[in-house]
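# Summary of structural features
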Amino acid sequence: MSSVGWNPKKLREGPNVAGQLTKYAKKSFHTDVLRDNMDQSGVLLWVKAEPFIVGALQVPPPSKFSLHYLRKISTYVRTRATEGAYPRLYWSTWRHIACGKLQLAKDLAWLYFEIFDSLAVKTPEERLEWSELLSNCMSEDEVEKQRNQLSVDTLQFLLFLYIQQLNKVSLRTSLIGEEWPSPRNRSQSPDLAEKSSCHNKNWNDYSHQAFVYDHLSDLLELLLDPEQLTASFHSTHSSLVSREAVVALSFLIEGTVSGARKIYPLHELALWQPLHAESGFSRLSKTFSFYKLEAWLRTCLTGNPFGTSACLKSGKKLAWAHQVEGTTKRAKIACNTHVAPRMHRMVVMSQVYKQTLAKSSDTLVGAHVKIHRCNESFIYLLSPLRSVTIEKCRNSTFVLGPVQTALHLHSCDNIKVIAACHRLSISSTAGCVFHILTPTRPLILSGNQTVTLAPFHTHYPMLEDHMARTGLATVPNYWDNPMIVCRESSDTSVFRLLPPCEFYVFIIPFEMEGDTTEIPGGLPYAYQKALRQREQKIQIWQKTVKEARLTKDQRKQFQVLVENKFYEWLINTGHRQQLDSLVPPAAGSKQAAG
């Protein structure tokens, strides 16, 4: 095997796998030479983060998503290949399976189908075209007709349904203290840099790797053709795995090889001729040996070099926040965007306290963003984002650029979020307000109290350009039609729509270049009417003051009185802190560009 200074063992154990990948990617080589000189020792596989960060709904899955039922579905779809079930599964067929056989509600069946479809690689133009088709529908029947045109990869969809078990509450682990089925569970460690703090399994790459490793046999068996299984749906020593099944497994696993310039999907690595002996591929039968393939996967699986752990441990530290006097905790912001390829970019932010942080940066573009334990702050991330998770934050306002996939909040109190996003989901929140523009129904998961939903009410100059880049349109907009997804109840009193009399527009206090000068899509009539009525009251007040014909001294006294009342209002509402935090910090602690 030709070597360019590559040490696979060292790479597996080293703290900066992504950095080493970048370093070795700069070595010149020819792909044909690589194919002729590769052996198993130069292969690294890892579990992809995005299917778990974005795809695993953060709620215990329906009981009918158990392996027993998924195996039955796997067999059933193959017998309905001519009826829109295999190799592509159409919405109408999945609706029949989910509602007719699994006894799921139609809305829940669509939810999982649509979440998986949102993970598919599509251009922004394709996403905008789909939004336009839906916005032109005049009835539910017309919407259903459009949905019937959608299809997903059948085998990958089965894997997607299986990984929903990631958030299944285990009674055994609850009893021994690893988890407890409480909607307000708290991580023991306050420091995001420690492994134990990654309590959110969707962001914990250790959980991703352990899940796939522990369930690898089940995942492979789920992809087997029915004739390769016993009557009890289990594999045998002679079971064969199709190429299509390994292609489907690339939904979860990817990797690289010695000296490679890029990341490869699993099936490309498994099908490379020098690896056939290890991966178990037979050129004669065009299939893989089940037991050889499983053994090869277990041997090569390692930690994700672009996951949360690697980002925290060896990612680039960003000096975006300054240290606040009188606090012991220092803000931590890390990213891997200097080494990670597209779809793997990540920014993790923790412990920003009592300050305003505002960024529009290439570092954020297309990144998965996690915001953790930020309190009493105003955070503006005005770039197109891939996904955002806000966890364990208090008394803060978050203004976000368009979020292409999922915006999720967990265990937050008294938070205001302003964003256009493909999907909003919330769990274990209290007293939070969401000004949202979204083409899907907001998901209210378990443990929430006093959720307020309101229309999107701000803009910044690049907003419409950023929305176009993420494929987000202004219609349809389901901000006011949430879906309650929790077993504890379907009580609609958990949320309210913001009364128009409490509504104000939000002004982003920063200058930027761009063409957007108004709120995309405008405001609902009731809220626009409330603003007009308030403006009329202001005009009447100004007219009354003008007609009072105050003397010069009276005007001064009146001015002082108004300013004092305004100052009291700023303090009582907390807006004083927001204004004060807009003042740039001292020269020695300015936020860094990046």
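Heads up: the structure comes first, above all this text.
For clarity, every value in this text was computed on a predicted model and none was experimentally measured. (Residues numbered from 1 in each chain as written. Predicted model: local features only at pLDDT ≥ 70, side-chain atom pairs only at ≥ 80, totals over all residues. Heavy atoms only, no water.)

## Looking at the overall build of the protein
Counting secondary structure elements, the protein contains 22 helices and 23 strands. The buried share of the protein, taken over its 594 residues, is 52%. Considering only intrachain contacts with a sequence separation of at least 6, the fraction spanning at least 24 residues in the protein is 59%. Summed over all atoms, the accessible surface of the protein reaches about 28000 Å², with 52% contributed by carbon and sulfur. (Helix = DSSP H or I, 4+ residues; strand = E, 2+ residues; numbered from the N terminus. Buried < 20%, exposed > 50% of the residue type's maximum accessible area, 1.4 Å probe, protein only. Contact = heavy atoms within 4.5 Å. Areas by Shrake-Rupley, 256 points an atom, 1.4 Å probe, with all protein chains shown as cover.)

## Concerning the sheet that holds strand β4 (residues 240-242)
What links the strands of a sheet is backbone hydrogen bonding, and the strands pair in either a parallel or an antiparallel sense. Across the sheet, which stays open at both edges, the 3 strands sit in the order β4-β8-β7 with antiparallel pairing between neighbours. Two strands close off the open sheet at either side, each with one partner strand: β4 and β7 (281-282). Across 3 bridges, the pairing between β4 and strand β8 (residues 287-289) is antiparallel. Looking at the pairing, L240 lines up with S289 of β8. Against the sheet, helix α17 (residues 290-300) contacts β4 and β8, and its axis sits at roughly 75° relative to β8. (Pairing = 2+ DSSP bridges. Axes fitted to C-alpha atoms, helices over the stretch in contact; angles between N-to-C directions.)

## Section: unusual backbone geometry
Here the bond from Y86 into P87 is cis, since omega is 5°, no more than 30 degrees from zero. Counting through the fold element by element, P87 comes out in the loop between α5 (67-78) and β2 (88-90). That bond from V475 to P476 is cis: its omega, -5°, falls within 30 degrees of zero. Tracing the sequence through the fold places P476 in the loop between α19 (463-470) and β22 (483-484). A positive phi angle, near 55°, is found at K392, a position not held by glycine. In this fold, K392 is placed in the loop between β15 (387-391) and β16 (394-400). The phi dihedral of T450 falls on the positive side, at around 55°, and the residue is not glycine. With respect to the helices and strands, T450 occurs in the loop between β20 (443-444) and β21 (451-455).

## A closer look at the pairing of strand β11 (residues 346-350)
Regular strands show a simple pattern: their side chains alternate between the two faces of the sheet. The buried fraction of β11 is high, at 5 of 5 residues. Here β11 pairs with strand β13 (residues 368-372) via 5 bridges, running parallel. Directly across from M349, in β13, lies its bridge partner I371.

## Structural notes on the packing of α5 against helix α6 (residues 91-101)
Remark: α5 packs on α6, axes separated minimally by 12 Å, with the N-to-C direction vectors making an angle of 135°. Classified by the interaxial angle, the pair formed by α5 and α6 is oblique. Relative to α6, α5 is oriented so that their crossing is right-handed. Of the residues in α6, those in contact with I73, Y76 and V77 of α5 are W94, H96, I97 and K101. (Parallel < 35°, antiparallel > 145°, perpendicular 65-115°, else oblique. Left-handed = near helix turned anticlockwise from the far one by under 90°.)

## What to know about the pattern of salt bridges
Following the criterion strictly, the structure yields 16 salt bridges and no others. Residue D225 pairs with R78 through a salt bridge whose shortest N-O separation is 3.1 Å. Taken together, the residues D225 in the loop between α13 (216-223) and β4 and R78 in helix α5 connect sequence positions 147 residues apart. Judged by its relative accessible area of 23%, D225 is partly exposed. With a relative accessible area of 15%, R78 lands in the buried category. Residue D107 is joined to R441 by a salt bridge in which the shortest nitrogen-to-oxygen separation is 3.1 Å. Within this pair, whereas D107 is found in helix α7 (residues 106-119), its partner R441 is found in the loop between β19 (433-437) and β20, the two being separated by 334 residues in sequence. Here D107 falls in the partly exposed class, since its relative accessible area comes to 41%. Each of R95, K106, E144 and R147 takes part in a single network of salt bridges with overlapping partners. (Salt bridge = Lys/Arg side-chain N within 4 Å of Asp/Glu carboxyl O.)

## Focus on the packing of aromatic side chains
Taken as a whole and assessed by the stated rule, the structure comprises 19 aromatic pairs. Look at F65 and Y112: their rings are 4.9 Å apart centre to centre, the planes differ by 75°, and that puts the pair in the edge-to-face class. In this pair, F65 sits in the loop between α4 (50-55) and α5 while Y112 sits in helix α7, placing the two residues 47 residues apart along the sequence. For the pair F65 and Y112, one class covers both residues: buried. (Phe/Tyr/Trp six-rings, centres within 6.5 Å; stacked < 30°, edge-to-face > 60°.)

## Topic: the environment of F378
Within the element layout of this structure, F378 appears in strand β14 (residues 378-381). Along the backbone, F378 and A358 are 20 residues apart, and their C-alpha atoms lie at a distance of 8.1 Å.

## Brief notes about helix α20 (residues 525-547)
When the terminal C-alpha atoms of α20 are compared, their 33 Å separation across 23 residues agrees well with the 33 Å that a helix rising 1.5 Å per residue should span. Residues of α20 that are buried: Y527, A530, L531 and R534. Immediately beyond the C-terminal end of α20, within one or two residues, lies R549, with a positive phi of roughly 55°. (Expected span 1.5 Å × (residues − 1).)

## Structural notes on the environment of E125
Tracing the chain through its elements places E125 in helix α8 (residues 124-135). In sequence terms E125 and L472 are 347 residues apart; their C-alpha atoms lie 9.5 Å from each other.

## Some words on the sheet that holds strand β6 (residues 264-265)
In spatial order, the strands read β1-β5-β6; together these 3 strands make up an open sheet with antiparallel pairing. Two strands bound the open sheet, and with one partner strand each, they are β1 (43-47) and β6.

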